[in-house]
Amino acid sequence: MTHMLLLYCLVFLLPTESCRTLCQVANKSKEMSPRPQGVCDGVCVDNSHCSQPCPPDSQGNMGFLCRQKKWHKITETCQTLNAFNIFETNLYSIQPLGGNTKVDEYARKPETITDRLMQTCPKDLSCVIRNIQQSPRIPGNIAVIVQLLHNISTVLLTDVDVAKMKSYSIMANHILNSKSISNWTFIPDRNSSCVLLHSVNSFARKLFINKYPIDISDVFIHTMGTAISPDNTGKNFSFSMRVNDTSSEVTGQVLISRDELRKVPAPSQAISIAFPTLGAILKASFLENVTVNGLVLSVILPKELKRISLIFEKINKSEEKRTQCVGWHSLESRWDQQACQIIQENSQQAVCKCRPSKLFTSFSILMSPHILESPILTYITYIGLGISICSLILCLSIEALVWGQVTKTEISYLRHICIANVAATLLMADVWFVVASFLSSPVTHHSGCVAATFFVHFFYLSVFFWMLAKALLILYGILIVFHTLPKSVLVAALFSIGYGCPLVIAAITVAATEPGKGYLRPEACWLNWDMTKALLAFVVPALAIVVVNLVTVTLVIVKTQRPAIGSSMFQEVRAIVRISKNIAILTPLLGLTWGFGIAMVIDDSNLAFHIIFSVLNAFQGFFILVFGTILDPKIREALKGRVTSAKWISRISENLSTDFSGHPTKGPS
C-alpha cells in the first residue's frame with residue numbers, strides 16, 4: 001500500500017496538501033530524526049562551505065560559509081510558491097481511491113507560471129495576487145516573483161492597460177516591502193534586483209495612456225503617466241512615499257521643461273515610477289558601499305527628450321555628506337555619475353539635471369561616506385588666503401624697493417624675475433579664488449563663473465610653471481655653464497614657460513569642455529571632474545612639475561653635501577645645515593607642498609591630510625615672503641642700506657632745515 005501511494009504521488013505530480021500528507025504518513029516509519037535547521041554538521045574551518053535543507057514547509061536549501069569559527073548564511077533558495085499553489089483556484093484535485101481522478105490538462109505538459117497566468121486571467125493578471133500577497137517574503141519566493149515579473153514583461157508586447165499595471169504593481173510591491181530588504185542579500189542571483197528594475201520599466205513602457213492621466217499608487221511603488229504634446233507648458237510628476245513603516249514621507253519630482261517638450265511628436269506619453277526602497281535593495285543585492293539617499297525615479301519618455309530635471313528630498317539630511325546625482329547603468333548594473341550632474345544642493349534636497357537614454361532610465365542620489373567640508377578647513381583657507389595676499393603684496397613691494405641692489409649680476413637678475421613672477425601670479429590666483437568663492441553657483445552666475453574659473457586655472461598654472469622655470473634655472477646653473485646664452489634669450493624663455501604654457505592649457509580646456517557644459521562643477525566655480533575630467537588639466541601639469549622640482553631638490557642636496565677633502569666635523573654639520581636651508585627655501589618656492597595632494601587622492605576621507613594641505617598651500621604666500629625674501633641675506637643687506645640711507649637723508653634734512661632757519665648769535669658783552 002505504501003508503494004502504491006508513493007507511485008500515485010510521483011506519476012501525477014500532485015503537490016497538494018492531501019498527497020503530501022499521505023506520502024509523509026507512508027514514509028514516517030522510514031524517516032530519520034530531522035536535523036536542526038540552520039546548523040551545519042562537522043567542524044567549522046575558515047572558508048569552508050556547507051549546505052542545509054530548508055524547513056519542511058518549503059523547498060530549496062541554505063548555503064553557509066565558515067568565518068572566524070562560526071557558520072554564516074550566504075545563500076538561500078527556500079520557497080513556498082510554485083506553479084501550482086500560486087494561483088487562487090486549485091485546478092488540481094485528487095479523488096478518493098477507486099474513484100475517477102480529474103487532472104487538469106496543464107499537468108500533462110510542462111508549463112511555466114507565466115504560461116498558465118496568460119491563459120487563466122489574461123485580462124488583469126489578478127489570479128495570482130492573493131496568494132503572492134499571503135506568501136512569506138523569503139529569498140526563494142522573491143526570486144520566483146522576480147522571474148514571474150520578468151517573464152510577464154517579456155510575453156506582453158503591447159496592450160498593457162491600467163488593470164494589468166495595477167496587478168503588476170501589487171506583485172512588485174510585495175517584494176519591494178522594506179521588511180524584505182535583508183532577504184535580498186541571500187538570493188544566489190545577485191542580478192535579481194536589477195532584473196526587477198528592468199522588468200518594471202519594460203512593462204511600464206508598454207502601458208497605453210488615453211487622454212486621462214494615470215496614477216497607480218502602492219506603498220513601495222508608485223506609477224504616474226500622462227499624455228504630452230509640444231504645446232504643453234511643462235510637465236512634472238510629484239511623489240511622496242515612506243521608506244519604511246516608521247519614517248516620514250520622502251518626496252521626489254520629475255520636471256520636463258517646455259523647451260524639451262517642443263521636441264516631442266504630438267501623440268506622445270510620459271511615465272514615471274518611484275521606488276522608496278529599491279535603492280537599499282540594490283545595495284543589499286550587489287553589496288556595494290554606496291547609500292542611496294532618496295527615491296529611485298524611473299522615467300519612460302520619448303527618445304526626443306534629452307534632458308530632465310529631478311528634485312530629490314534627502315533621506316539622511318546630514319550636511320557633512322557629499323551628494324552625487326547618478327543614473328542606473330542598465331548594462332553594467334551600477335550607479336553612474338555620467339548620466340547626471342548636480343545643479344543645486346542644500347541639507348534638505350538636491351536638484352539634478354539628467355540625460356535619459358536606453359542605458360539610463362532610473363535615477364537617484366547617492367550619499368558619499370567622505371567628508372564634504374569642515375568649518376576648520378574653511379577658516380584655515382580664508383585666514384590663510386588673507387595672510388597670503390598681504391604677504392605677497394609686501395613681498396612685491398620689497399622686491400621693487402631693493403631691485404637695483406639685488407639684481408646686479410645676471411644670475412641674481414634671473415632668479416629675482418622668477419621670485420617676483422611667482423609672487424605676482426600667486427597673488428592674482430588668490431584674488432580670483434576669492435572672487436570665485438563669492439559667486440553662489442554656476443547656475444545663477446554661469447558666465448561669471450566661467451570667467452573666474454578660467455583665471456583661477458590660468459594663474460594657478462602660472463604659479464606652477466614659474467616654479468618650474470625657477471627649478472630649470474637652478475638645474476641650468478648646476479649642470480651647464482651659465483653664460484652660454486644671452487640674458488634676453490633666457491628671459492624670453494622664462495616668460496614663455498611661465499605664461500605661455502598655462503595660457504595654452506587653460507584656453508584649450510575651456511574651448512573643449514564649455515560648449516558641452518562640462519567646464520564647471522555643478523556645485524562650485526571650479527573645473528569639472530564627474531563629466532569631462534577637466535580637472536586633469538590642472539592636476540597633471542601640477543604633479544608633473546612637483547616631480548621635476550623634487551629632482552631639482554635632490555640635485556641641490558647632492559651638490560651641496562660634497563665636503564671638501566679633509567673636512568672636519570664642523571664642516572659636515574655646516575653642510576647639513578646648508579642642505580636644510582636649501583630644502584626649507586625650495587619647498588615653498590617650488591610648490592612641493594602641493595605633493596600632499598597625492599595623499600588626499602589616496603585617502604580622501606582623512607581630515608588630517610586636508611588640514612595639512614590647506615595650511616601649507618593657503619599660507620604659501622606667507623612662506624614665499626619669509627623664505628624667499630626676508631631670509632635672503634642680500635635682500636636684508638639691501639634693506640639695511642635703504643634704512644641707513646633713509647636715516648642719513650633724514651638727518652641731513654634736519655640739519656639743512658636747522659641751518660636755513662637761522663641760529664641766535666651772541667652779541668658783544
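Residues numbered from 1 in each chain as written. Predicted model: local features only at pLDDT ≥ 70, side-chain atom pairs only at ≥ 80, totals over all residues. Heavy atoms only, no water.

- The name given to the protein in an unreviewed UniProt entry is Probable g-protein coupled receptor, with the source organism recorded as Lynx pardinus.
- Its UniProt record gives the protein the following Sequence similarities (unreviewed entry) comment, quoted word for word: "Belongs to the G-protein coupled receptor 2 family. Adhesion G-protein coupled receptor (ADGR) subfamily."
- A UniProt comment under Subcellular location (unreviewed entry) is attached to the protein, and it reads "Membrane". (UniProt positions renumbered as here; feature names shortened; annotations may be inferred.)

1. Structural notes on the sheet that holds strand β3 (residues 70-76)
Stage number 1. Pairing in this open sheet of three strands is antiparallel, and the strands run β1-β2-β3 from one edge to the other. Each edge of the sheet is formed by a strand with only one pairing partner; in this case those strands are β1 (49-53) and β3. For this sheet, the mean inter-axis angle between neighbouring strands, taken without regard to orientation, is 35°.
Stage number 2. Of the strand pairs in this sheet, β1 and strand β2 (residues 61-67) are connected by five bridges, and their pairing is antiparallel. Residue pairing for β2: P53 is matched across the bridge by N61. (Pairing = 2+ DSSP bridges. Helix = DSSP H or I, 4+ residues; strand = E, 2+ residues; numbered from the N terminus. Axes fitted to C-alpha atoms, helices over the stretch in contact; angles between N-to-C directions.)

2. Describing a nonpolar patch on the surface
Stage number 1. Together, Y379, I383, I387 and F622 make up an exposed nonpolar region whose accessible area comes to about 400 Å².
Stage number 2. With three residues, the single largest contributor to the nonpolar patch is helix α11 (residues 375-406).
Stage number 3. Here Y379 shows up in helix α11.
Stage number 4. Look at Y379 and you get exposed, because its relative accessible area is 57%. (Patch = residues over 30% accessible without salt bridge, like charges linked within 9 Å, V, L, I, M, F, W, Y side chains within 5 Å. Areas by Shrake-Rupley, 256 points an atom, 1.4 Å probe, with all protein chains shown as cover. Salt bridge = Lys/Arg side-chain N within 4 Å of Asp/Glu carboxyl O. Buried < 20%, exposed > 50% of the residue type's maximum accessible area, 1.4 Å probe, protein only.)

3. Examining the sheet that holds strand β15 (residues 349-354)
Stage number 1. Strands sit in the order β6-β7-β11-β15-β14 across an open sheet of five strands; the sheet is antiparallel. Bordering the open sheet on either side are β6 (235-242) and β14 (340-345), each of which pairs with just one other strand. Each adjacent strand pair in this sheet contributes to an overall mean axis angle of 20°, direction not counted.
Stage number 2. In this structure, β14 lies alongside β15, joined through five bridges in antiparallel fashion. Bridge pairing in β15 places Q344 opposite V351.

4. Points about the state of the cysteines
Stage number 1. According to the stated counting rule, one finds six disulfides in the structure shown.
Stage number 2. Disulfide pairing is shown between C121 and C127; the S-S distance is 2.0 Å. Handedness here is read from the sign of the S-S torsion; for C121 and C127, about -55°, the answer is left-handed.
Stage number 3. C127 gets classed as buried once you look at its relative accessible area, which sits at 11%. (Disulfide = S-S within 2.5 Å.)

5. Considerations on the environment of S182
Stage number 1. Mapping S182 onto the fold places it in helix α7 (residues 181-184).
Stage number 2. Once the C-alpha coordinates of S182 and I281 are considered, the two residues, 99 residues apart in sequence, prove to be 8.0 Å apart.

6. Re unusual backbone geometry
Stage number 1. In the Ramachandran plot, L125 falls in the positive-phi region, its phi being about 60° despite a non-glycine side chain.
Stage number 2. Classification of L125 as buried rests on a relative accessible area of 0%.
Stage number 3. Positive phi values are uncommon outside glycine, yet S333 reaches one of about 55°.
Stage number 4. Look at S333 and you get buried, because its relative accessible area is 14%.

7. Considerations on the nonpolar core
Stage number 1. Core analysis: the largest hydrophobic core is formed by 55 residues, its most contacted members being L117, I152, L176 and F275.
Stage number 2. Sort the elements by how many residues they give to this core and helix α5 (residues 139-155) lands first, with seven residues.
Stage number 3. If near-sequence neighbours (up to four positions away) are discounted, L117 is found in contact with F87, P122, L125, C127, V128, L148 and I152.
Stage number 4. Ranked by size, the runner-up nonpolar core spans 53 residues in total, among them L392, V422, F454 and F458. (Core = buried A, V, L, I, M, F, W, Y, C linked by side-chain atoms within 4.5 Å. Contact = heavy atoms within 4.5 Å.)

8. Here we look at the confidence of the model for the protein
Caution applies to low-pLDDT regions: their predicted coordinates should not be interpreted in detail.
Stage number 1. For the protein, per-residue confidence averages 78 on the pLDDT scale, and 75% of positions sit at 70 or higher.
Stage number 2. When the elements of the protein are averaged for pLDDT, helix α2 (residues 17-27) gives the smallest value, 34, and strand β10 (residues 296-300) the largest, 96.
Stage number 3. Low pLDDT, under 50, characterises residues 575-580; the predicted model gives this stretch five contacts beyond four residues in sequence or across chains. (pLDDT = per-residue confidence, 0-100.)

9. Here we look at the pattern of salt bridges
Opposite charge on two side chains makes pairing possible when the charged atoms of those side chains draw close.
Stage number 1. Applying the stated rule across the entire model yields seven salt bridges.
Stage number 2. Note that K73 is salt-bridged to E76, the shortest N-O span being 2.6 Å.
Stage number 3. Taking the relative accessible area as the measure of exposure, K73 reaches 31% and is therefore partly exposed.
Stage number 4. Residue R334 pairs with D336 through a salt bridge whose shortest N-O separation is 3.2 Å.
Stage number 5. When its relative accessible area of 30% is taken as the criterion, R334 is described as partly exposed.
Stage number 6. Three or more residues joined by partner-sharing salt bridges are found here, namely E332, R334 and D336.

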